[in-house]
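Next come the chains, spelled out residue by residue.
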Amino acid sequence: MLEALQILKFIYRQDRLNFTEDLVADERDYMISGPVTPRAVDKLMGAGKFRELNELVANAREPNC
C-alpha cells in the first residue's frame, strides 16, 4: 500500500497544475465556418444556446465555396 502511495505521489509531483488553461481563448473555438471544436460545443451546451450550436454545426457541414 505504501509503495502505491509513493508512486502516486511521484506521478502527481511531476505534473504541474494549470489553472489558466481554460481561460485562454482559442481562435478555433470562435470560427463561424470550419470544424466544430469540442470546447465550443461544451460552452454552447452549458449556456443553453442550442440554436447557436445547431447553426454552427450546419455551417460546418456546408461545403466551402
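Residues numbered from 1 in each chain as written. Predicted model: local features only at pLDDT ≥ 70, side-chain atom pairs only at ≥ 80, totals over all residues. Heavy atoms only, no water.

> Which residues make up the overall build of the protein, and what values do they have?
If you tally the helices and strands in the protein, you get three helices and zero strands. Buried positions account for 9% of the 65 residues belonging to the protein. Of the roughly 6300 Å² of accessible surface on the protein, a fraction of 59% belongs to carbon and sulfur atoms. (Helix = DSSP H or I, 4+ residues; strand = E, 2+ residues; numbered from the N terminus. Buried < 20%, exposed > 50% of the residue type's maximum accessible area, 1.4 Å probe, protein only. Areas by Shrake-Rupley, 256 points an atom, 1.4 Å probe, with all protein chains shown as cover.)

> Account for a nonpolar patch on the surface, naming residues and giving values.
A grouping of Met 1, Leu 2, Leu 5, Ile 7, Leu 8, Phe 10, Ile 11 and Tyr 12 is seen on the molecular surface, where their side chains present a nonpolar patch of about 950 Å² in accessible area. The residue Met 1 is located in the segment before helix H1 (2–14) in this model. With relative accessibility at 80%, the residue Met 1 sits in the exposed group. (Patch = residues over 30% accessible without salt bridge, like charges linked within 9 Å, V, L, I, M, F, W, Y side chains within 5 Å. Salt bridge = Lys/Arg side-chain N within 4 Å of Asp/Glu carboxyl O.)

> An account of the packing of helix H2 (residues 38–46) against helix H3 (residues 50–61) is requested, with residue identities and associated values reported.
Two elements in contact, H2 and H3, have axes separated by 8 Å at closest approach and are oriented at 155°. In terms of axis orientation, H2 runs roughly antiparallel to H3. Together, Ala 40, Val 41, Leu 44 and Met 45 of H2 and Phe 50, Glu 52, Leu 53 and Leu 56 of H3 make up the contact between the two elements. Residue composition of the contact of H2 with H3, grouped by class: seven nonpolar, no polar and one charged. (Axes fitted to C-alpha atoms, helices over the stretch in contact; angles between N-to-C directions. Parallel < 35°, antiparallel > 145°, perpendicular 65-115°, else oblique. Contact = heavy atoms within 4.5 Å. Nonpolar A, V, L, I, M, F, W, Y, C, P; charged D, E, K, R; others polar.)

These results come straight from atomic positions and should not be treated as a statement about function.
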